[in-house]
Amino acid sequence: HSCGEMLKSRRGEMSWQSYVDDQMVGTGHVSKGCITGLDGTIWAISPGFSISPQECADIARAACSPSSVLGSGLMILGVKYMVLRADEGSIYCRKGNEGVCICKTNQAVLIGLYGENQQAGQCNMVVEKLGDYLKENNY
């Protein structure tokens, strides 16, 4: 499925879960994915990704104010990740061989984790490509 097909599926309604399952985790470059609103409310999440509502809210706040997490890091799944880069579009975090790419769109926050057998650059590309697509479509 292309992003465009997903956007038009289900009688014109957004299928957020399909974005997580197909466009993020389904690529093989994202181990766990989540899409939240700008308030941190979970819209879709991959199975087994037990991120807390508080962590989602904190990540959404960070995405809306990226400079706030530089130097302090972000908690994800109870683990503190070091912030490598934070700007208006994306936040990159890492802990050992694992990491996360967070991408803010007009209405949503995309969270993509990568594991030790996945490449940071590939994860970032997948999450940011979906983020760009959503922004182009006013999401």
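About the criteria used
Residues numbered from 1 in each chain as written. Predicted model: local features only at pLDDT ≥ 70, side-chain atom pairs only at ≥ 80, totals over all residues. Heavy atoms only, no water. Phe/Tyr/Trp six-rings, centres within 6.5 Å; stacked < 30°, edge-to-face > 60°. Helix = DSSP H or I, 4+ residues; strand = E, 2+ residues; numbered from the N terminus. Buried < 20%, exposed > 50% of the residue type's maximum accessible area, 1.4 Å probe, protein only.

Caption draft 1: Layout of the packing of aromatic side chains. This structure, assessed with the given rule, holds three aromatic pairs. Judged by centre distance (5.8 Å) and plane angle (50°), the ring pair of tryptophan 16 and tyrosine 19 falls under tilted. In this pair, tryptophan 16 and tyrosine 19 both sit in helix 2 (residues 16-24), three residues apart, roughly one turn of the helix. By relative accessible area, which is 14% here, tryptophan 16 ends up buried. Residues tryptophan 16 and tyrosine 139 carry aromatic rings whose centres are separated by 5.6 Å and whose planes lie at 80° to one another, so their mutual orientation is edge-to-face. With tryptophan 16 in helix 2 and tyrosine 139 in the segment after helix 4 (120-136), this pair connects stretches of sequence that are 123 residues apart. Tyrosine 139 gets classed as partly exposed once you look at its relative accessible area, which sits at 25%. An aromatic cluster is built from Trp16, Tyr19, Trp43 and Tyr139, whose rings are joined through pairwise contacts.

Coordinates in, geometry out; function isn't part of it.
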